[in-house]
Amino acid sequence: MTANGWFQIGFYLLVIFLLTKPVGIFMTCVFNREKTFLDPVLRPIEKLVYRLTGVDEKHDMRWTEYAIAMLLFSGVSMALLYLIERTQKWLPLNPQKFANVEPGLAFGTAASFTTNTNWQAYSGESTMSYLTQMAGLAYHNFASAAVGIVLAIVVIRGIARKETDELGNFWVDTTRCLLWVLLPICVVGSLVLVSQGVVQNLKPYTTVQLIEPQTVQGTGTDGKVTTQTVTQQVIAQGPVASQEVIKEFGTNGGGFFGANSAHPFENPTPFSNFFQLVLIFAIPSGLTYTLGRMTGSQRHGWAVWAAMTFLFFVGVATAYWAEARGNPMLVGVNQNANAKHSGGNMEGKEVRFGIANSALFATVTTDASCGAVNGQHDSFTPLGGMVPLINIMLGEVVFGGVGSGLYGIVVFVILAVFIAGLMVGRTPEYLGKKIESYDVKMAMLAILVLTFTILGFSAVAIVKPFGTSSISNPGPHGLSQLLYAYVSSTGNNGSAFAGLNANTMWYNTSTAVAQLLGRFFMIIPVLAIAGNLAKKKTVPESAGTFPVTGALFSCLLVSTILIVGALTFFPALSLGPILEHLLMSAGKAF
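Since we're looking at a predicted model, the values are computed, not measured.

> How would you summarise a nonpolar patch on the surface if you had to cite specific residues and measurements?
On the surface, a cluster of nonpolar side chains totalling about 510 Å² of accessible area is made up of Phe-7, Phe-11, Leu-14, Phe-17 and Leu-18. By the element assignment, Phe-11 lies in helix α1 (residues 3–31).

As structure tokens, this is what we get:
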């Protein structure tokens, strides 16, 4: 670890802190339908959209109607993406003449991008046409991000409103989110990325002659070793910048290229890397301020932000320490940082980013439900790789995805105040609303959906040949690979250890089902909580009310998150990365 590495991590956190208030205020104005500086341009467009689609912007929905609208929108969008993938061979903007995507992969990809997971069991530059990338995948990056944000706003409204069953209008909220929040930043952000060298064109791939021909050995179908001299290279390109910016800003994570943000055409410079990191946390961090502002308790918003920040710092510090420490099995190798080399475990990392930025990116992308990567998580040390795994297991509530992080942590807030209420012998209260059995049941249902989906699919895959046949590493690391696949899918993250061959019928289907369960079966209980809270009266604080605005609340919230996560997943972690770390420390390979 170096002072420079800690400075970069600290500076990143400072920038996120400075962005929290302005982003939060802007989103409050957008969803409260208050005037913003963009109104003269966007308000006429918004009205035109409602006129063309027949939406009544004055109509407010109950939580059930809101949920049905959200499910219909997501379902139709998923079907359209599947259709585009299955017919891309005959559609325009396919200069490489890619074939139609096979059914299993098409279904898995459609479910993945609809749920904001962006799990990719393929390399985009060799599978998807430009039309599929733009009209299919990039569109879903906007749509799924907007759905997550507006659901967080609905939860905030449920907390803030009283004695009503009206929570807003899904179509209005989604339209305003797309026009005011996502599109303006993505237009500007894509130009920033282009200035750094991120590719943006519609040209066919370019074939170039190698200056130095390369000799490559391979194994033929008969098992014999073959030698081939390679004299040409195909340079993939396309509309990358426009997809890259929403990939990060919408915490989607699906890359144009298989190498994702480690590819120089997606992430060419240290500045583009930092810019992408800021985009990932900008909305999730800002939503904590929106929570405080819309509920009238700004100190509560900052208390939630403080809890998230603490968990983030612990995670990034652990990952940075583990990767900078290196691999103790490399006896006689100098792994200390010095002027000649960076030291530590550089396997699977880009030299232009180094260990600090790789550990930071891995932590940020799994704290949020982003899944973009600038290094190979499979190549991290056992404890370094365990940090991304735990981040997702905790429900990605450490800032989290756009919207999903906030409504995810509200679930833990309800559990925390319920525990506090039990300790003082009073009915739990949250910002003037009494937390009753229905709210706690729905909160537990949301958590149990994630738990049973992750552990259930993992248990089946680890004992069946169709699951174990895809594992590339024996021993505890193989378990980590498999477990990470279902943790990432259910948590709607999309990153992977990448040592697992996920492009099989079993994994394409099972991960798609896990993604749908993790997205929608968690959203429905959360919306039910919002609807129930909105109906309640506000009760005045008393001497027995547990405050949700200070350091004590932040500590209780952090403890609740860690205890639930530890009780649920520690046995699996002990057989995977923890055991792998102990074996590595003992000098045992497998």
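> Hey, could you go over the pattern of salt bridges for me, with residue numbers and the actual values?
The tally for this structure, following the rule as stated, stands at 14 salt bridges. A salt bridge links Lys-247 to Glu-266; its shortest N-O distance comes to 2.7 Å. Within this pair, whereas Lys-247 is found in helix α7 (residues 241–249), its partner Glu-266 is found in the loop between α7 and α8 (270–295), the two being separated by 19 residues in sequence. Considered together, Lys-247 and Glu-266 belong to a single accessibility category, that of buried residues. For Glu-323, the salt bridge goes to Lys-349, with nearest N and O atoms at 2.7 Å. Of this pair, Glu-323 sits in helix α9 (residues 298–325) while Lys-349 sits in the loop between α9 and α10 (354–367); the two residues are 26 residues apart in sequence, bridging distant segments of the chain. Judged by its relative accessible area of 0%, Glu-323 is buried. Among the ionic contacts, a cluster of salt bridges with common partners joins Arg-43, Glu-46, Glu-57 and Arg-176.

> Tell me about the nonpolar core, and please be specific about residues and values.
Within the largest apolar cluster, 127 residues are counted, with the highest numbers of intra-cluster contacts made by Leu-182 and Phe-312. Ranked by residues supplied to this core, first place goes to helix α5 (residues 130–160) with 15 residues. Beyond its immediate stretch of four places on either side in the chain, Leu-182 contacts Phe-142, Ala-145, Ala-146, Ile-149, Cys-177, Ile-246, Phe-249 and Ile-283. Within the second largest apolar cluster, 23 residues are counted, among which are Val-101, Leu-137, Ala-461 and Ala-514.

> Describe helix α4 (residues 103–114), and please don't skip the residues or the numbers.
Since the α-helix turns once every 3.6 residues, residues separated by three or four places project in the same direction. The end-to-end C-alpha separation of α4 is 16 Å, in line with the 16 Å expected for 12 residues at 1.5 Å each. Among the 12 residues that make up α4, 10 are buried, leaving the element largely enclosed by the rest of the structure. Turning to α4, its buried residues are Gly-104, Leu-105, Ala-106, Gly-108, Thr-109, Ala-110, Ala-111, Ser-112, Phe-113 and Thr-114. Buried positions along α4 lie against α3 (63–87), α5 and α16 (505–535). Two or three places before Gly-104, at the start of α4, stands the capping residue Glu-102, its side-chain oxygen 2.9 Å from that residue's backbone nitrogen. Phi turns positive one or two residues past the end of α4, at Asn-116, with a value near 70°.

> Tell me about the packing of helix α11 (residues 382–393) against helix α15 (residues 475–490), and please be specific about residues and values.
As a packed pair, α11 and α15 sit with axes 9 Å apart at the nearest point and diverge in direction by 40°. Crossing angle aside, the handedness with which α11 passes α15 is left-handed. Touching Pro-388, Leu-389, Ile-392 and Met-393 of α11 are Leu-483, Tyr-484, Val-487 and Ser-488, all from α15. A class-by-class count of the residues in the contact of α11 with α15 yields 7 nonpolar, 1 polar and no charged.

> Kindly report on the side chain of Glu-429, identifying the contributing residues and their values.
Along the chain, Glu-429 falls in strand β3 (residues 429–430). Setting aside anything within four residues of it in sequence, one finds Glu-429 in contact with Val-417, Lys-434, Ile-435, Val-539, Pro-540 and Thr-545.

> Mind laying out unusual backbone geometry, listing which residues take part and the relevant values?
Positive phi, close to 55°, is recorded for Leu-93, a residue that is not glycine. Here Leu-93 is to be found in the loop between α3 and α4. One non-glycine residue, Asn-116, lies in positive phi territory at about 70°. Along the chain, Asn-116 turns up in the loop between α4 and α5. For Asn-116, a relative accessible area of 2% corresponds to the buried category.

Rules of the game
Every chain is numbered independently, its residues counted from 1 as its sequence is written. Local features are withheld for residues below a pLDDT of 70 in this predicted model, meaning they are given only at 70 or higher, and side-chain atom pairs are given and counted only at 80 or more; totals for whole chains, interfaces and linings count all residues. The side-chain values count all of the structure's non-hydrogen atoms but skip hydrogen atoms and water molecules. Nonpolar side chains (Val, Leu, Ile, Met, Phe, Trp, Tyr) within 5 Å and like charges within 9 Å form the patches, drawn only from residues with over 30% relative accessible area and no salt bridge. Working definition of accessibility: Shrake-Rupley area with a 1.4 Å probe, residue cover restricted to the visible protein chains. Salt bridges are defined as contacts in which a side-chain nitrogen from Lys or Arg sits within 4 Å of a carboxyl oxygen from Asp or Glu. The secondary structure listing takes helices from DSSP runs of H or I that are at least 4 residues long and strands from runs of E that are at least 2 residues long, numbered from the N terminus. The classification of residues rests on relative accessible area computed with a 1.4 Å probe and restricted to protein chains. Under 20% of the type maximum is buried, over 50% is exposed, and intermediate values are partly exposed. Take the buried residues of types Ala, Val, Leu, Ile, Met, Phe, Trp, Tyr and Cys, join any two whose side-chain atoms come within 4.5 Å, and each joined set is a nonpolar core. Whether two residues are in contact is decided by their heavy atoms: any pair within 4.5 Å suffices. Each helix should span, by expectation, one fewer than its residue count multiplied by 1.5 Å. Polar contacts here mean pairs of N or O atoms no more than 3.5 Å apart (in protein, one a potential hydrogen donor and the other a potential acceptor; neighbouring residues in sequence count only if both atoms are side-chain atoms). Here an axis means a line fitted to C-alpha atoms, over the contact stretch when the element is a helix, while the angle between two N-to-C directions is reported on a 0 to 180 degree scale. Left-handed describes a crossing whose near helix is turned anticlockwise from the far helix through less than a right angle; right-handed describes the clockwise counterpart. Any residue that is not Ala, Val, Leu, Ile, Met, Phe, Trp, Tyr, Cys, Pro, Asp, Glu, Lys or Arg is counted as polar, Gly included; the first ten are nonpolar and the last four charged.

These figures come from the coordinates and say nothing about function on their own.
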